[in-house]
Structures are given as C-alpha cells and as structure tokens.
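# Structural overview
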Amino acid sequence: MATTIFVCYRRLDSPYAARIIAEKVEVYFGRGSVFYDVRSIPLGVDFRTFIDGEVAKCGAMLVIIGDRWLDARGDDGRRPLGDPDDDVRIEIETALRRDLSVVPVLVDRATMPPQEV
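The following paragraphs examine the structure supplied in this document. (Residues numbered from 1 in each chain as written. Predicted model: local features only at pLDDT ≥ 70, side-chain atom pairs only at ≥ 80, totals over all residues. Heavy atoms only, no water.)

Attention now moves to helix α3 (residues 47–56). Burial in α3 covers these residues: Phe47, Phe50, Ile51, Glu54 and Val55. Angularly, the buried residues of α3 cover 130° about the axis, an arc narrow enough to put them on a single face. (Buried < 20%, exposed > 50% of the residue type's maximum accessible area, 1.4 Å probe, protein only. Helix = DSSP H or I, 4+ residues; strand = E, 2+ residues; numbered from the N terminus. Arc of directions from axis to C-beta.)

Shown next as structure tokens:
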C-alpha cells in the first residue's frame, strides 16, 4: 500500500504522541500507509528533496501540536519555528505548496497557534 498520511511533529514537543498517533493511523489504514520520520527517512539523503517526494505521495498531513510546539527551543535557546531550515517548517511549507490537506492535531492541552506564526 502507498503512503497516504504524513505525520509531522516537533521532537522537542510531542514525540510520544506522534508515535502513538502514527501507530494507530497505520493500524487503521494498513501497513506502509504512514510516513513517520524516525522510521521513514534513510540516512544521508537530502532532507528537502526527500520530504518533497514523500509529501507528493501523501493525501494528508497530520501536524501534531503539543503545548510546547510554539515555544520549544533548541540547544542554542532559539525557537526552531523561526528558522527557515527547521524540519517541521520545511515539512509544513512543502505540504501547503503541494496543496495537501494539513490537519492540526492538538495534544497535551495545546491550543491552535495564531495564524501569523
């Protein structure tokens, strides 16, 4: 079965929820129906090129948003969301550019981020 659902999440925010959601979605839609980065991205590939190809195969993207999604900070103290090279930002921008259905999934008492983020 071809990949149909892309699970996007921030490791600094909700990796456990993303794993559980990816597993449950795959049970429902079948083996191989979910793109989940930890088990889907080969080592050494160009991230942007690979993600673009994987998003092209999907019918929807689930963006897992926890209560730290907006304010998560890297080791340097900066918010990754503001970085144009941030993996999550690249994944979401790629999905939107390809007109993919992007579905926010709120976990851990999260609220919808403001539109201007």
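This paragraph deals with the environment of serine 33. Within the secondary structure, serine 33 is located in the loop between α1 (15–29) and β2 (34–36). Given a relative accessible area of 0%, serine 33 falls into the buried group. Separated by 27 residues in the primary sequence, serine 33 and phenylalanine 6 have C-alpha atoms spaced 8.7 Å apart.

This part covers the nonpolar core. Within the largest apolar cluster, 19 residues are counted, with the highest numbers of intra-cluster contacts made by Phe6, Cys8, Val55, Met61, Val63, Trp69 and Ile92. Contact partners of valine 63, with chain neighbours within four places excluded, come to Cys8, Trp69, Ile92, Val102, Val103, Pro104 and Val105. In this structure, Ile5, Ala17, Ala18 and Leu62 belong to the second largest nonpolar core, which totals 14 residues. (Core = buried A, V, L, I, M, F, W, Y, C linked by side-chain atoms within 4.5 Å. Contact = heavy atoms within 4.5 Å.)

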